[in-house]
Amino acid sequence: MWFIGLVSTLAIVWYLAYQGAGASLWIAVLISSLVAVTLATDIQWYISTPLWLVAAALIVILGVPAMRQRIITRRLLKQFRKVMPAMSRTEREALEAGSIWWDAELFSGRPDWEKLLNTPRPHLSEREQAFLDGPVETLCEMLDDWKITHQDQDLPPEAWDFIRQEGFFGLIIPEEYGGLGFSALAHSEVVMKLSSRSIVAAVTVMVPNSLGPGKLLLHYGTPAQRDYYLPRLARGEEIPCFALTGPDAGSDAGALPDSGVVTKGQWQGKTVLGVRLNWEKRYITLGPVATIIGLAFRLHDPDHLLGDKEDLGITLALVPRNTPGVTIGARHIPIDIPFQNGPNWGKDVFVPMSQLIGEQQYIGKGWRMLVESLAEGRGISLPALSVGAAKVSSRYTGAYAAIRQQFNMPIGRFEGIEEALARIAGLTYQMDAARKLTLSALDVGEKPSVISAIIKYHLTERYRQVINDAMDIHAGSGICLGPSNLVGRAYQALPIAVTVEGANILTRSMIIFGQGAMRCHPWIIREFSAAQNPDHGKAVADFDHAVFGHLGFLLGNTARSLFLGLTRGHLSRSPVSGPTRRYYQQLNWMSAAFALAADTAMMTLGGALKRKERLSARLGDVLSEMYLTSAVLKQFEDDGRPEEDLPLLLWACENSFYRMQESLRLLIRNLPFRPLAWLLRAVLFPSGFPYTEPDDSMSHKAAGMLLTPSASRDRLTQGIFITDDERFRQGIVEQAFRQAAIVAPVEKTLRSARRSGVISARDRLRQAHEALEKGLISEEERKGLETMRMLRRRVIAVDSFENYGKQHVLQTVPETSNHVA
Ligand SMILES: Cc1cc2nc3c(=O)[nH]c(=O)nc-3n(C[C@H](O)[C@H](O)[C@H](O)COP(=O)(O)OP(=O)(O)OC[C@H]3O[C@@H](n4cnc5c(N)ncnc54)[C@H](O)[C@@H]3O)c2cc1C
C-alpha cells in the first residue's frame, strides 16, 4: 500500500512538472493527496500531523507571494546580484539587439512544431527571378575568375560598370530610392550564384548590400540623408565601405580607440558645428575604391557643445573620401582573393553634424546600430557564399569522382572517397536548408541575432569541412591553380569567411550560447532586468516572478528530459508521420535535455560561465545542431517530401544528433560540480548514448547522389552557375559527367571481361576494340567509350604556365601609429 502510494505520488509530481503546472495546481494536488492519505489509509496521527504541518508551511511560504518574497526571494536576489556577470554597455547592447525566433522554441524544451512548419517558405518574385536569369547570369558569363585573381587582381572595368549599371550595389535599397528592393532570399541567391563563379565578384557585390552605409541609412538615416545618398548608392555613383576594425580593435571592436571631438569647423566655406575625427582602420573591404567611408568612432564632447556628457559613446559617420585629412592606404592581399581591401586613416578630419548617420538623434547609439544590422546581414552574405562553395563542391567534386578513374574504377566508387562525398552531400543539403530557413525569418521581418550567429559560424565551418573534402578528392587537380581549377579558389577563400563578421572561435565560444541564453531563455533576461532595477520593491516582485517561473521551467525540463530520455522520445508528439517522424520526437528530447543542461551549467557556474568558453561553446553547439536539424526537416516538408532526397536528410539528421549527444557528453564530463554532473548524465541519458555517426550504408547512399545525374542532385545544387557551354570549364565537366553515366555499364562489362580473362588488353582503348570484336559491346558503345576518353582527358587536365610570376610593390607596414589622437 505504501509502495503504491509512493509511486503514485512520484507519478503525480512528475506529471505536474512535465506539464509545467502552476502553483495553484501544485497546492490543490498536495492538499488532495494529504486528504486522501489521511482518510483512506490507517496512517497514525504522529505521522500525519507533521505531514500536514510541513504542507501548511510550504503552502504559506511558497504560495503567499508576500511571505515568499520576504523569506526566500530577497535572499536569492542578494545572492544573484553577487554572482551576476558584470556587463559593459556595449555587451548589453549587443545582447539586446535583434529578435528571437525559432531559437527560443528550441530553448524552451518543448518546441512548437506548428510554428516552424507554418512559416511560409520564401519565394522569389518574377522580377527577382528575371534578375537572376538575366543580369546575374550575364555577369557570371562575363567573369573570368582566373584573370581576375591571378592576372588583374581586380574585376575588369566592364564588370565594375555592369555591376553599377544593373543595380547590383542597390539590391537592398528600396525601389523608391532607385534600388532593386529585393527580398533577403533574392539577395542571398545573387551572392550565392556569383560566388560560384567568382568570389571576388561576390564579395564586391556583397559588401555594399551587407553591413554598411546603405543598410545603416535605411534604418537610421534622416530623410535628407536617405534622399541624397541612397539613390547615389543604388546607381553605383558612390562606392561605400564600412570601417570599424583597426589595429587595436579587432574582435573587441567596441573598444575602438578612434575618436571624434565635437567642435566647430569649416565645411563647404561655412563655419558649422561638427566633429573632428582621427582614426586608423585596416582590413576595410572596398576601402581602396570607396568614395564614401562609413566610419565608427567614439564621440567626445569636452567643451559641452551638445550637453553635460563628455563621452557620448560609439557613433557612426559618413566621410567622403576627398575630405581633407583622409588617407586611403595601399591594398591588402586577402589570401590571394583580390577583392578591394585595405587600410585607411584620418588626421583631424572635420565633418559637419549632418554627416553623422541619423544626425544627433543617433549619437552614441552606434554599437547598437551596428549589432542590429549585423543580426540581419550576418544571416545573408556569408551563408550565401558558404552554400555557394558547398554546392560547387557537391556538383563538381561528385562529377570529378565519377569521371576520374584509378585502379580501373571511378574513384567515387571507393569507400574512402564515398565517406568524403557523403559528408559533402549531407552537409550541403543541411547548409542550404539552414540558409533558406533563416531567410524565411528575415523575409518576415525578424532580425534573429542568435540564429544569424549560428548560421554564420556553422555554415562557414561546414564550408571548411566540405571544401577540405573536395580538395582531397580533387587531389592534384584541386591544388594546381589555373582556369581549369573549380575548387582551389574556394579553398583559399575559406579563412576570409571564417574571420569576418565575427571571427568563428569568438562566435562559437562567446556569442551563440552567451547571447542565446540571455535572449532565448524564457526567464534569465527577466531575472537580470529585475536584479538591475534600482527600485528595490519592484526588483523583488519582478525577481520573485522570474525566479519561480524559472524553477517551474527547470522542474518541467527535468521531468521531460528523464521521460524522453527513458523512451528516447518515442511517446512524444510529432507533427508528421513517415520517415521523419522519429527526428521530431528526438528533437523534443534534445530540446528538453539542452534546456536542462543549460540551466544546470548556468546555476552551477553563474557569471563564471562567461569565462568557461569551452562549456559555453558546447551548449551553443547543441542549440545550433538543433536549429540545423529543424531546417532540414522543414526543407523536406517544403519540397513536398521527395523520397529521393531521403538519403541526404537521413545523413544530415544522424550526423547532427550524434554531434548534439557528443557536445552534451563533453559538457557533462567537464562540469566542475561532479555529483551534479553525474545526476545530469543520469537524467539526460538514462538509457545510454544512442547516437553514432551516420553508418556506412547511409553514407553509401548519400555519396551515390553525387555520382549520377538525378533530380535530387539538381535540387541540391540549384542556384549556382551551371552551364553546358564548352567555353566554360563547368560546361566540359557537365558533358563528361553525363557521358560517364552513359558509359558506366559498358565500362563495367569491360572490367568483368578483363577479370574473367575474356579480353586481355590492359589499355582501355584496346579493351574496347577487343570487346567489340568479341561481340561484348556494340559499335555505338565503343564510340561512347571513345568520347568519354576524350572528355575525361579534358576534365583531368591541369594548367601549366610559362614565365610564371609577377612583381608587386610592398608598402612598408607602419610599426607605430600616429594617426589616432
Ligand atoms: C578580408 C577581410 C575583410 C574585412 N572587411 C572588413 C570591413 O569591411 N570592415 C571592417 O570594419 N572590418 C573588416 N574586417 C575585419 C574583421 O572583421 C576582423 O578581422 C575580425 O573582426 C577579427 O579581428 P582580428 O583579425 O583583429 O582578429 P583578433 O580580434 O585579433 O582575433 C584573433 C583570434 O582570437 C579569437 N578571439 C578574440 N577574442 C576572443 C574571445 N573572447 N574568445 C575566444 N576567441 C577570441 C578570434 O576568434 C580569432 O580567432 C575584414 C577582415 C578581413 C580579413
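Everything below is about the structure printed above this text.
Per chain, residues are indexed from 1 in the order of the written sequence. Since the coordinates come from a predicted model, pLDDT governs what is reported: local features require at least 70, and pairs of side-chain atoms require 80 or more to be given and counted, while whole-chain, interface and lining totals use all residues. The side-chain quantities take in all heavy atoms of the structure and omit both hydrogens and water.

1. Here we look at the pattern of salt bridges
Right, on to step 1. When a carboxyl oxygen of Asp or Glu is within 4 Å of a side-chain nitrogen of Lys or Arg, the pair counts as a salt bridge. Scanning all chains against the criterion turns up 41 salt bridges.
Right, on to step 2. Its salt-bridge partner being Asp-544, residue Arg-68 comes within 2.6 Å of it at the nearest N-O pair. Of this pair, Arg-68 sits in helix α4 (residues 65–83) while Asp-544 sits in helix α23 (residues 536–567), and the two are 476 residues apart along the sequence. Of the two residues examined, Arg-68 and Asp-544, each falls in the buried class.
Right, on to step 3. Close ionic contact of Arg-508 with Asp-621 constitutes a salt bridge, the shortest N to O distance being 2.6 Å. Strands are runs of DSSP state E lasting at least two residues, helices are runs of H or I lasting at least four, and both sets are numbered from the N terminus onward. Type-normalised accessible area, obtained with a 1.4 Å probe on protein chains alone, sets the label of each residue: buried when under 20%, exposed when over 50%, and partly exposed for intermediate values.

2. So, α4
Right, on to step 1. We define the bend at each residue as the angle formed by axes fitted to the 7 residues ending at it and the 7 residues starting at it. If you look at α4, its biggest bend is around 40°, right at Thr-73.
Right, on to step 2. Here α4 has its buried residues at Arg-68, Gln-69, Thr-73, Leu-77 and Phe-80.
Right, on to step 3. The contact rule is simple, with two residues in contact once any of their heavy atoms fall within 4.5 Å. Tucked inside the fold, the buried residues of α4 contact α3 (45–63), α22 (524–532) and α23.

3. Digging into the packing of helix α16 (residues 381–403) against helix α30 (residues 729–755)
Right, on to step 1. Note on method: axes are straight lines fitted to C-alpha atoms, helices fitted across the in-contact stretch only, with angles between N-to-C directions ranging 0 to 180 degrees. Packing of α16 against α30 leaves a shortest axis separation of 9 Å and a crossing angle of 50°. When the axis of α16 is compared with that of α30, the two are oblique. Seen from above, α16 lies across α30 with left-handed handedness. Packed against α16, whose contacting residues are Arg-395, Tyr-396, Gly-398, Ala-399, Ala-402 and Ile-403, the element α30 presents Gln-730, Val-733, Glu-734, Ala-736, Phe-737 and Ala-740 at the interface.
Right, on to step 2. Looking at side-chain class alone, the contact of α16 with α30 contains 8 nonpolar, 2 polar and 2 charged residues. Relative orientations are named as follows: roughly parallel for angles under 35 degrees, roughly antiparallel for angles over 145 degrees, roughly perpendicular for angles from 65 to 115 degrees, and oblique for any other angle. Left-handed describes a crossing in which the near helix is turned anticlockwise from the far one by less than a right angle; the clockwise case is right-handed. All amino acids are sorted into three groups, where Ala, Val, Leu, Ile, Met, Phe, Trp, Tyr, Cys and Pro are nonpolar, Asp, Glu, Lys and Arg are charged, and the leftover types, Gly among them, are polar.

4. Observations regarding the packing of aromatic side chains
Right, on to step 1. In summary, the pairing rule links any two rings of Phe, Tyr or Trp, Trp by its six-membered ring, whose centres are within 6.5 Å, and it sorts them by plane angle into stacked for under 30 degrees, edge-to-face for over 60 and tilted for everything else. Across all of its chains, the model carries 26 aromatic pairs by this definition.
Right, on to step 2. A ring pair is formed by Trp-589 and Phe-685, whose centres lie 5.8 Å apart and whose planes are at 65°; its orientation type is edge-to-face. Placement of the pair is Trp-589 in helix α24 (residues 581–605) and Phe-685 in the loop between α27 (674–684) and α28 (696–707), with a sequence separation of 96 residues. Phe-685 carries the same exposure label as Trp-589, and that label is buried.
Right, on to step 3. Ring centres of Trp-589 and Tyr-691 lie 6.1 Å apart, and the angle between their planes is 35°; this geometry places the pair in the tilted category. In this pair, Trp-589 sits in helix α24 while Tyr-691 sits in the loop between α27 and α28, placing the two residues 102 residues apart along the sequence. There is no split in this pair, since Trp-589 and Tyr-691 are both buried.

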